[in-house]
Amino acid sequence: MENTVLLALAVAAVSYALIRLLGRRRPPYLPGPTPLPVLGNLLQMPTEREWLVFTEWAKTYGDCIHLKVLGQSIVVLNSFEAASDLLEKRSAMYSSRPRLVMAGELIGFAQAMALMPYTERFRQLRRMAHKELTGAALQRYWPLHEHDSRYLVLKVMEHPSDLAKLVRHYAGSVILKVTYGYQTKPEDDPFLLLAEKVMGAFSIASKPGNWLVDFVPWLRHLPDCVPGTHFKQVARELSALHMQVIEGPYHWALARQDTPEVIKPNFVSTVMSRKAGSLTAEENEILLWSSASLFGGGADTTVSSITSFYLAMALYPEVQAKGRAEIDRVVGDRRLPQLSDQQDLPYIEAIMREVLRWNPVAPLGVPHLSTQDDIYRDRFIPSGAIVMSNIWAMLHDPAMFPNPQEFNPDRFLGNEAALKRTSVAFGFGRRLCPGMNFAESSVFIAIATALATCEIRDPLNENGAPILREVMYETGTISHPPPFTCSVSPRSKDHSDLLEASLAC
Ligand code: HEM
């Protein structure tokens, strides 16, 4: 017995010495602001528009920064080279997602693609979505994008002060049709209202530092009667709300598959028909969650790009005039632009790229998680580090985009490298946005239709004062322009007649 104890002590001592030795041998972390004991960089962490602070820090510490917050390593990648080296070339170890106990596990957001760890189930969801949202499959949705973009412009001309609300309705309506074949109601659509509530719930539930259980996961196992466990009640309520938005439109679609109420093609019915109308329980779960992932991914993102477009046009009338002139030259004034015109409209394409670059929709992307210890540029990145890509910094790199604050689509003309670089707006590697091509079609046609038919002018902020070109975007995972109004009027009676006529048929 005594020998066993001695042996155990010896093993422990040797292990401790080895850990110390190996620990000392591992290279240092990437550079970053000096951390305090225990708290680490907690007190230095920015709480809003973090991308601007990280861009400033890059001037001192370089393009890859290491931070420690309460023991958690965070790596911020401020350059395209670093993001591509790690998230793409080493994607086998940088493709998971950080754990969010409250939002992800207790409420259930991690069952949808964007917050899922990199597991076999994730790959099943992604494969299913990928098939429907790439290549020739996408063209089936072109008439739908064209129709809805015309409806949007008509509504915006009628009620320009409701721009943000109308664009939100447009994006939600397109994604509900494409995903479930559901036609939204013009006002107060129940699924869109529900989706807005759930997005609100998500921002409360995922706010860093809001929930102790995110730092101390075992708290979730305490019984409800223990003081301080109110979070469990909140989680149950939000989880029920979340499930309504996941299941509501899905069950609506399943129940009406063969009725004229369902608009086809759509994602759910295409997958169903490939499986001859009958799914195993597992396939049903995968379809449920992959359709919910598309709905979640598409409902708010293009909203930011399209409202940005209206703001940019109001601020840069010379760009607007140039875009319109290209449409008049290529498309003429006897019909409206279509997605098949895209390859013949390089300046409109450049406006779309500039919208994605000028104020990116997701300035810090969605965080990745490293799943193995790694060495990069002779520095140590531990397994379990949260890896954030500063997409805003990459799209404001003056070496690639001179004078980056200016909205200048001309920068892309004849510059293939700059054009290609804008794809970082959609993230990296195995987590690259699966809705990228779909979103580009949606934004492109919204831009082309607006420029073909209306004039956008007089940008005012919410207090009625003129907006300056150095406009400050809102904070958040998805960053929107600040509230503004602008006037949107038809170019001529012929143009509004053309719009009306296109919707009548
Ligand atoms: C302008 C519009 C959009 C932008 C800028 C955008 C951007 C992004 C970004 C930056 C990510 C994270 C990528 C990463 O982790 O590296 C992402 C993920 C995702 N996006 Fe988009 N997105 C847009 C529109 C859409 C649309 C329309 C859909 C659906 C049809 C969609 C579905 C998704 C999904 C499901 C994910 C999670 C993917 C994963 O975790 O593997 N997005 N998007």
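Computed from a predicted structure; not experimentally measured.

Enquirer: Break down the sheet that holds strand E6 (residues 386-389) for me, citing the residues and quoting the values.
Expert: Taken in spatial order, the four strands line up as E1-E2-E6-E3 in an open sheet, and their pairing is mixed. The open sheet is flanked by strand E1 (64-69) and strand E3 (368-369), the only strands paired with a single partner. Sheet analysis places E3 next to E6, joined by two bridges and oriented antiparallel. Considered in E6, the bridge of Leu 369 is made with Ile 386. Strand contacts of helix H2 (residues 50-61): E1, strand E2 (72-77) and E6, with the helix running at about 110° to E1, the strand carrying the most contacts. Of the strands in this sheet, E1, E2, E3 and E6 are in contact with helix H3 (residues 80-89), which crosses E2 at around 125°.

Enquirer: Lay out the nonpolar core with the relevant residues and their values.
Expert: Counting 110 residues, the largest nonpolar core has Phe 309, Tyr 310 and Ile 351 as its most contacted members. Top element by residues in this core is helix H12 (residues 281-315). It accounts for 17 residues. Within the second largest apolar cluster, 29 residues are counted, among which are Val 75, Met 93, Leu 356 and Tyr 376.

Enquirer: For the site of the ligand, give the residues involved together with the corresponding values.
Expert: Around the ligand, a shell composed of 27 residues is seen, among which Arg 97, Arg 126, His 368, Phe 428 and Cys 433 lie nearest. A distance of 2.8 Å is found between an oxygen atom of the ligand and a side-chain nitrogen or oxygen belonging to Arg 126. Between the ligand and Phe 428, the relevant distance is 3.0 Å, taken from an oxygen atom to a main-chain nitrogen or oxygen of the residue. Looking at the shell around the ligand, the elements that each hand over two or more residues are helix H5 (120-132), H12 and helix H17 (436-453). Broken down by class, the residue content of the shell around the ligand amounts to 15 nonpolar, nine polar and three charged.

Enquirer: Can you break down the coordination of the iron atom of the ligand residue by residue, with the values?
Expert: With respect to protein ligation, the iron atom of the ligand binds only Cys 433 (SG), at 2.3 Å. With respect to the element layout, Cys 433 can be found in the loop between helix H16 (416-421) and H17.

Enquirer: Describe the UniProt feature "binding site: heme" (unreviewed entry) in the protein chain, and please don't skip the residues or the numbers.
Expert: Summarizing the sequence annotation, UniProt attributes the feature "binding site: heme" (unreviewed entry) to Cys 433 in the numbering used throughout. On the accessibility criterion, Cys 433 (28% relative accessible area) is partly exposed. Excluding residues within four positions of it along the chain, Cys 433 makes contact with Arg 126 and Phe 426.

Procedures and definitions
- Residues numbered from 1 in each chain as written.
- Predicted model: local features only at pLDDT ≥ 70, side-chain atom pairs only at ≥ 80, totals over all residues.
- Heavy atoms only, no water.
- Pairing = 2+ DSSP bridges.
- Helix = DSSP H or I, 4+ residues; strand = E, 2+ residues; numbered from the N terminus.
- Contact = heavy atoms within 4.5 Å.
- Axes fitted to C-alpha atoms, helices over the stretch in contact; angles between N-to-C directions.
- Core = buried A, V, L, I, M, F, W, Y, C linked by side-chain atoms within 4.5 Å.
- Buried < 20%, exposed > 50% of the residue type's maximum accessible area, 1.4 Å probe, protein only.
- Near = heavy atom within 4 Å.
- Polar contact = N/O pair within 3.5 Å; in protein donor to acceptor, adjacent residues only side chain to side chain.
- Nonpolar A, V, L, I, M, F, W, Y, C, P; charged D, E, K, R; others polar.
- Donors = N, O, S within 2.8 Å, 3.2 Å for Na, K, Ca; no water.
- UniProt positions renumbered as here; feature names shortened; annotations may be inferred.

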